[in-house]
Amino acid sequence: MESVSFSRLKLISSSFLRELKQTYKNERTSLGFIVHKLSPTPLIKEGENFEVLVVGGSVMKKALIKKTKRGINVLKVENEKNIYFNNGNDFLDLVAKELYSDVKTLALDFAYPLQPIFENGKLDGIFLGSTKGVKLHSLIGKRIGKTIEDHVLKKVKKKIKVSVANDTVCLMLSGLSKFRWQNLAAGIVGTGLNFALFTNKNHLVNLESASFNKFTQTKEGKIVDRASDKPGKSLFEKETAGGYLYKHFNITLKEKNLSFSPIKSTKELNRVSLSNIKNASHIAKDLIKRSAQFVACQVAGITLFKKQNMVFVMEGSLFWKGSNYKKIVEKTVRQLVPKYKIHFAEIGNSSIVGAAKLIS
């Protein structure tokens, strides 16, 4: 397996920074750089209750929130529920069913690709396509917030306002509960990978940084990519994220002709790295280290783009639970950007808090 030199990490970081600068100038790059406009005025009044709904690939959470003078007060958080959709109408019926009777405003954290639309003082999003094996094809090309409003009015004769954003945007907004927007960024490093940042007070950018491709792929990464559903896409994610990292391990085992059974998850990879298994543990540790170093390159690039000390609100089991993962990211970032201080933060109930910030 290839080791990663500091000069190579510095080159990746510089390439990522260059892509950020070019995309900011509206030049085409591998980054999505999807700009979201946020409402300068709240959609709800002080003392008013509203609902937050978090919809992922197979689970749903909901909460009842009250807007107060100090911000938001979480009145109730219901236990996570397993969900399954056969079609888009299943999703719309679920939302109508899960609405609290006394709320008129819904904030939705929708963990799927969205093209943001800002209209009538609220953020909505056009559904770009199903991921995670979820069957929502009938909603592709539709504005999710408006579609929900129309469905609820028709189904239960209730008029509501809906604001929608995806999980990375909501994670970013959750950081506003503790930190200033000026030096705030957010990152998800779990099954997948992505980062987001603010360009000004009312504009937040979803970088879609999994798609960054201005770096030299590893030998294992090239094999993983060729065998994937979408070759040539999300190349940086395929080098770093939990959904792919264990595959690098299996490829390395085969290349070295080691008698160790293939593993099925990056959670298993982490366990192997913490064990004392000849050859296998060393390979697992090296893969986790390389992933953390690569992720540090994007953190460093964002910090250099902002030119200031930064707070990164982070989410994802690989980042927080991976063997020494956070420490390796911190060490590598210090080496890449010694001029600035970077702090990594975790926000409790970030999906709920972030979605609430959409409208409050």
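What comes next is a walk through the structure. (Residues numbered from 1 in each chain as written. Predicted model: local features only at pLDDT ≥ 70, side-chain atom pairs only at ≥ 80, totals over all residues. Heavy atoms only, no water.)

### Side note on the sheet that holds strand β11 (residues 193–200)
So the rule is basically this: Between any two strands, pairing holds if DSSP finds at least two bridges. Runs of E in the DSSP output that reach at least two residues are strands. Runs of H or I that reach at least four are helices, and both are numbered from the N terminus. Lines fitted to the C-alpha atoms define the axes, with helices restricted to the stretch that makes contact. Angles between their N-to-C directions range from 0 to 180 degrees. We call two residues in contact when some of their heavy atoms are within 4.5 Å.
Reading across from one edge, β1-β12-β11-β10-β13-β14 is the order of the six strands in this open sheet, with mixed pairing throughout. The open sheet has two edge strands, β1 (34–37) and β14 (342–345), and neither has a second partner. Taken over all neighbouring pairs, the strand axes of this sheet differ in orientation by 25° on average, direction set aside. Against the sheet, helix α9 (residues 280–306) engages β10 (184–189), β11, β13 (310–315) and β14, with an angle of about 5° to β11.

### Topic: helix α2 (residues 88–98)
To be explicit about the condition: Only protein chains enter the area calculation, which uses a 1.4 Å probe; residues under 20% of their type maximum are buried, those over 50% are exposed, and those in between are partly exposed.
What α2 keeps buried is the set G88, F91, L92, L94, V95, A96 and E98. Where α2 is buried, its residues meet β2 (49–55), β3 (59–68), β5 (81–82), β6 (105–110) and α3 (144–156).

### What to know about the packing of α2 against α3
Put simply, the rule is: Orientation labels follow simple angle bins: below 35 degrees gives roughly parallel, above 145 gives roughly antiparallel, 65 to 115 gives roughly perpendicular, and whatever is left gives oblique. Handedness of a crossing is defined here by the sense of rotation of the near helix relative to the far one, left-handed for an anticlockwise turn of less than a right angle and right-handed for a clockwise turn. Each residue is assigned to one class: nonpolar for Ala, Val, Leu, Ile, Met, Phe, Trp, Tyr, Cys and Pro, charged for Asp, Glu, Lys and Arg, and polar for all the others, Gly among them.
Contact pair α2 / α3: the axes reach a minimum separation of 9 Å and the direction vectors enclose 65°. Here α3 runs roughly perpendicular to α2, going by the angle between their axes. With respect to the hand of their crossing, α2 and α3 are arranged in right-handed fashion. For the pair formed by α2 and α3, the contact residues are N89, F91, L92, D93, V95 and A96 on the first element and I144, T147, I148, H151, V152 and K155 on the second. Of the residues that constitute the contact of α2 with α3, the class distribution is seven nonpolar, three polar and two charged.

### Remarks on the packing of helix α5 (residues 219–226) against helix α7 (residues 242–256)
In the contact formed by α5 and α7, the axes pass within 9 Å of each other and the chain directions differ by 110°. Considering their axes alone, α5 and α7 lie roughly perpendicular with respect to each other. Considering the relative orientation of α5 and α7, their crossing is right-handed. Contact residues: K219, E220, G221, I223 and V224 in α5; Y244, K247, H248, I251, T252 and E255 in α7.

### Comments concerning the packing of aromatic side chains
For clarity, the cut-off: Only centres within 6.5 Å qualify two rings of Phe, Tyr or Trp (six-membered ring in Trp) as a pair; their planes then separate them into stacked at under 30 degrees, edge-to-face at over 60, and tilted for everything else. Comment: the charge-over-ring label is applied if NZ (Lys) or CZ (Arg) is within 6 Å of the ring centre and within 35 degrees of the ring normal.
Inspection of the entire model under this criterion finds 20 aromatic pairs. Aromatic pair F91 and F110: ring centres 5.2 Å apart, planes at 45°, arrangement tilted. You can see F91 sitting in helix α2 and its partner F110 sitting in strand β6, a full 19 residues away along the chain. Relative accessible area serves as the criterion here: at 0%, F91 is assigned to the buried category. Note on W181 and F198: the rings are 6.3 Å apart at their centroids and 65° apart in plane angle, and the pair reads as edge-to-face. With a gap of 17 residues between them, W181 in the loop between α4 (167–174) and β10 and F198 in strand β11 connect regions that are remote in the sequence. A relative accessible area of 23% means that W181 is categorised as partly exposed. An aromatic cluster is present here, built from F195, F312, F319, W320, Y325 and F344 joined pairwise through their rings. Seen from the ring of Y100, K62 lies directly overhead, with NZ or CZ sitting 4.3 Å from the centre.

### Description of the pattern of salt bridges
Quick reminder of the rule: When a carboxyl oxygen of Asp or Glu lies within 4 Å of a side-chain nitrogen of Lys or Arg, that pair is called a salt bridge.
As enumerated under the stated definition, the model contains twelve salt bridges in all. The salt bridge partner of K155 is D93, with a shortest N-O separation of 3.5 Å. Taken together, the residues span a long stretch of sequence, with K155 in helix α3 and D93 in helix α2 at a distance of 62 residues. A relative accessible area of 29% places D93 in the partly exposed class. A salt bridge links R290 to E220; the nearest nitrogen and oxygen atoms lie 3.1 Å apart.

### Some remarks on a positive patch on the surface
Note the cut-off: Grouping into patches uses exposed residues only, defined as over 30% relative accessible area, and leaves out salt-bridged ones; the cut-off is 9 Å for like charges and 5 Å for nonpolar side chains (Val, Leu, Ile, Met, Phe, Trp, Tyr). Surface accessibility follows the Shrake-Rupley procedure with a 1.4 Å probe radius. Residue values consider only the protein chains on display as shielding. Two residue types count as positive, namely Lys and Arg, and two as negative, namely Asp and Glu; His and chain ends fall outside the count. All charge positions are set by atom: Lys at NZ, Arg at CZ, Asp at CG, Glu at CD.
Residues K21, K25, K307 and K339 make up a contiguous surface patch of positive charge. Among the structural elements, K307 can be located in the loop between α9 and β13. On the accessibility criterion, K307 (59% relative accessible area) is exposed.

### Comments concerning the nonpolar core
Across soluble globular proteins, you tend to see nonpolar side chains buried next to one another. Rule in force here: As used here, the term nonpolar core means buried Ala, Val, Leu, Ile, Met, Phe, Trp, Tyr and Cys residues forming a set that is joined through side-chain atoms within 4.5 Å.
By size, the foremost hydrophobic cluster in this structure holds 86 residues, and its most contacted members are F249, I302 and F312. Take this core: its biggest share by element is 14 residues, from α9. Apart from residues no more than four positions distant in its own chain, I302 is found in contact with F16, L20, A185, F195, L197, L207, M310 and F312. Counting residues in each nonpolar core, the second largest holds 25 residues, with L53, F85, I148 and V162 among its members.

### Here's the deal with unusual backbone geometry
Even without glycine at this site, N257 takes up a positive phi of about 55°. Along the polypeptide, N257 turns up in the loop between α7 and α8 (266–274). Although it is not a glycine, N324 adopts a positive phi angle of roughly 60°. Along the chain, N324 turns up in the loop between α10 (317–321) and α11 (325–336).

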